[in-house]
Amino acid sequence: MTAPLAPTLLRVIDQLLPELIDFRRDLHAHPELSFEEHRTSERLRSRLEAAGLTPRSVGETGLVVDLGAPEPRRRVALRGDLDALPVRERSGLDWSSTVDGVCHACGHDVHTTALLGAGLALAEVADELAARHVAVRLLFQPAEERMPGGALQFVQAGVMQGVDTVYAVHCDPALDVGEIGLREGALTAAADQVTVTLRGRGGHTSRPFLTEDLTYALAKVITDVPGVLSRRVDPRAGLVLVWGKVSAGEAINVIPSTGVAQGTLRMLDVNLWEEIGPLLHEVIDDVVRPYGVDAAVDHVRGVPPVVNDAPAVAALGRATMAAGLRPVPTPHSLGGEDFAWMLHDAEGAMARLGTRTHGGRTFDLHQGDLVVDEGAVRNGTALLAIAAAGEWTRVEAD
């Protein structure tokens, strides 16, 4: 049996760590929004080329790098997302965002740096990977934060062709640094956008019986549609419709002629996500019918759920232990994550990367005061690198 590569990878990663910390801080100070990650992409390209790797472009800001066996028995992909959020930073860090109103409030700077570090470490053992007939594909993906996500662009560009397994990590401020959250099955939810526009004749509030009481009908949409849906689908699917924006009317004594409710529709079941559209329209039409208004439904599909495959989760568990980290169970989330598109074409899994300092504060993602314990950079790098290199055991088993 060929010796594991984990000890060698860990030594290389520890040597790279000061550089990786600096790289992550630089990314954090210079965040870029979805599909605008030009500086980030160029920084990555320069460092990868300096390591003798050959990145190729996908779209304007995405990068893909192959290493290891040219004709592998198994190819594993590792994914990191590049983009930041339109959020003002309030962390007070010395390397805080220098871009007004934009910051890495979701930890993508950590994901990107961990993928870079894993790629640099794996490049040091590329000959060993080739000898074991394993190839690794690094996916530096833009625009995770813009639905339906840059991952779909990558899939449509063919980067998942020939990939057997794909892994990713996501920062989790609810886990201590050194902990890796693992879960089989649904990890995140589908996230769709729903806009319901009602139209009627409008009229005076003293005479609702002479017109369509559109505001009342809109209130019924807001309260009744989520409830009806919850009775029409299996509750184990985790479906929830939540309204975030509602508007109707301009005067207190005028029944308006238009009204709009906008929100998100989320669920954990892939099959339901693929079939929910007709039921959503049916329920809304049934709810508003007694009030004589017309309803237009704009249902924009976002991303499907991330559903982790059991063998890939088991492999991440082994990699976690080999990296000296602690695997812990993690709950599913109703947040959306475009990594799900990649799982349509390959087996794979996403792990939660602990970022909370031991005994420290629990931060929230997508908030400007987010602070990540920088030990997560080393941990994410090690987990991705060892998970990729560990694929050789499965090749030999084949």
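Below: a short report on this structure. (Residues numbered from 1 in each chain as written. Predicted model: local features only at pLDDT ≥ 70, side-chain atom pairs only at ≥ 80, totals over all residues. Heavy atoms only, no water.)

## As for the overall build of the protein chain
The helix and strand tally for the protein chain stands at ten helices and 16 strands. The C-alpha radius of gyration of the protein chain comes to 24 Å, within 12% of the 21 Å expected for a compact globule of 398 residues. Overall size of the protein chain, expressed as C-alpha extent along the three principal axes, is 80 × 50 × 40 Å. Counting across all 398 residues of the protein chain, residues that qualify as buried make up 55%. Here the contacts in the protein chain between residues at least 6 apart in sequence split such that 81% fall between residues at least 24 apart. Total accessible area on the protein chain stands at roughly 16500 Å², and carbon and sulfur atoms take up 50% of it. Separation of charge centres in the protein chain, based on 36 positive and 54 negative side chains, amounts to 3 Å. (Helix = DSSP H or I, 4+ residues; strand = E, 2+ residues; numbered from the N terminus. Rg over C-alpha atoms; globule rule 2.2 N^0.38 Å. Buried < 20%, exposed > 50% of the residue type's maximum accessible area, 1.4 Å probe, protein only. Contact = heavy atoms within 4.5 Å. Areas by Shrake-Rupley, 256 points an atom, 1.4 Å probe, with all protein chains shown as cover. Lys, Arg positive; Asp, Glu negative; His and termini not counted. Charge placed at Lys NZ, Arg CZ, Asp CG, Glu CD.)

## Re the pattern of salt bridges
Scanning all chains against the criterion turns up 23 salt bridges. We note a salt bridge from Asp 286 to Arg 289, for which the minimum N-O separation is 2.8 Å. In this structure, the salt-bridge partner of Asp 369 is Arg 361, at a minimum N-O distance of 2.5 Å. Three or more residues are tied together by salt bridges with common partners; here these are Arg 24, Arg 25, Asp 109 and Glu 374. (Salt bridge = Lys/Arg side-chain N within 4 Å of Asp/Glu carboxyl O.)

## Considering the packing of helix α1 (residues 6–29) against helix α3 (residues 108–124)
Across the interface, α1 lies against α3 with an axial gap of 9 Å and an inter-helix angle of 145°. Every pair of crossing elements has a handedness; the one defined by α1 and α3 is right-handed. Between α1, through Leu 9, Val 12, Ile 13, Leu 16, Leu 20, Phe 23, Arg 24, Leu 27 and His 28, and α3, the contact on the second element is made entirely by Asp 109, Val 110, Thr 112, Thr 113, Leu 116, Gly 117, Leu 120, Ala 121, Leu 122 and Glu 124. Among the residues forming the contact of α1 with α3, the class breakdown is twelve nonpolar, four polar and three charged. (Axes fitted to C-alpha atoms, helices over the stretch in contact; angles between N-to-C directions. Left-handed = near helix turned anticlockwise from the far one by under 90°. Nonpolar A, V, L, I, M, F, W, Y, C, P; charged D, E, K, R; others polar.)

## A few points about the sheet that holds strand β1 (residues 56–58)
One open sheet holds the eight strands; their spatial order is β1-β2-β4-β3-β5-β16-β6-β15, and the pairing between them is mixed. Edge positions in the open sheet fall to β1 and β15 (326–329), since each of these has one partner strand only. On average, adjacent strands in this sheet sit at an angle of 30° to one another, irrespective of strand direction. As paired strands, β1 and strand β2 (residues 62–68) are joined by three bridges and run antiparallel to one another. Directly across from Arg 56, in β2, lies its bridge partner Val 64. Here helix α8 (residues 310–322) sits on the sheet in contact with β5 (165–176), β6 (179–182), β15 and β16 (347–356), set at roughly 40° to β16. Its contacts with the sheet place helix α9 (residues 375–389) against β3 (74–81), β4 (134–141), β5, β6 and β16, and it is angled at close to 160° to β16. (Pairing = 2+ DSSP bridges.)

## Here's the deal with the nonpolar core
Nonpolar side chains in soluble globular proteins tend to end up buried together. In terms of nonpolar packing, the biggest core is built from 62 residues, with Leu 78, Leu 122 and Phe 140 touching the most fellow members. In terms of nonpolar packing, the next biggest core, distinct from the first, is built from 53 residues, Phe 154, Ala 217, Leu 239 and Leu 279 among them. (Core = buried A, V, L, I, M, F, W, Y, C linked by side-chain atoms within 4.5 Å.)

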